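Structure at a glance
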Amino acid sequence: MIDLHAHLLPAVDDGPMDIEESVAMVRKGWEEGISTICVTPHLLGVPNQELVDFLVTSFESFKERILADGPPVKLVFGSEIYFQPEIEKVLAFPCLTLNGTGKYLLVEFPMQGIPPGAEKMSFRLITHGIVPIVAHPERSSSVLRNESTLYPFIRSGALIQVNAGSLEGKFGKQVKKTALSLLKRGLVHFIGSDAHNSTDRPVSLRRAVETAAQVIGHEQAQLLVTANPEIILEGKPFPTKRLLPSEREEIGLWGKVWREITGK
Ligand SMILES: [Fe+2]
């Protein structure tokens, strides 16, 4: 399995506070079958060279430690960038995209809801060749109230990552219900651990995949942690042209009218 979203670097964000905890997180992931982890530290402000250099150096030093005496998990670098009006400044730092391919950016919205201007931001990034991956929208208040607030993003080409913990019910019944509903509607492209420690928010995907499999079947659930994230890390185009529920309904209605007119 591939985990696209994990806070693993010691003492750089609200993830693990020391390197032993970081190593324990990687080990736990390896034990349950996670072979690749994209390390995605929070990026809260406008990216600048000093901050990027600090994050990259922290990553390289952690990777060396894992190579020296950790489990044989492949670590790649990325970031989780908080939504901000100046998000396009990330274009100057391709290493902040997932695995540094310059193609996919993990974007986090405030928990209170999707802010005004977010759709335009998504569109602008895509115009520049970067596809936003919306991190854990099932935890956002506006999505919890109304899932269709996500549709403009999906329509513009953005992709969706839900948290393993959401599917496990760690963030409450409503978040789990929303995550399952998005899955049923075919609007989820990845499950990520969004790991922060080795205890209550570990590098773990297996249980969430089992839950997802009950809704979308084993094969589809596996894709969310294998082939789909692999496409992202390789920087290849992601094959999406899924119909959104409202569009399905429209086509359904017009299809019905068409059949009545033409008798086909
Ligand atoms: Fe995160």
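So, here's what we can say about the structure. (Residues numbered from 1 in each chain as written. Predicted model: local features only at pLDDT ≥ 70, side-chain atom pairs only at ≥ 80, totals over all residues.)

1. Section: the pairing of strand β8 (residues 159–163)
Of all 5 residues in β8, 5 are buried; the element is thus mostly enclosed. Pairing geometry for strand β7 (residues 131–135) and β8, over 3 bridges, is parallel. Counterpart to Val134 in the pairing with β8 is Ile160. With 3 bridges joining them, β8 and strand β9 (residues 190–192) adopt parallel strand pairing. Along β9, the bridge assignment pairs Gln161 with Phe190. (Buried ≥ 20, exposed ≤ 12 C-beta atoms within 10 Å, placed from the backbone. Helix = DSSP H or I, 4+ residues; strand = E, 2+ residues; numbered from the N terminus. Pairing = 2+ DSSP bridges.)

2. So, unusual backbone geometry
Phi at Ala11 is positive, roughly 55 degrees, even though this residue is not glycine. Locating Ala11 in the fold gives a position in the loop between β1 (2–6) and α1 (19–31). Here the phi dihedral of His136 falls at roughly 35 degrees; this positive angle occurs in a residue that is not glycine. Here His136 is to be found in the loop between β7 and α4 (141–145). Taking the C-beta count within 10 Å as the criterion, His136 has 25 such neighbours and is therefore assigned buried.

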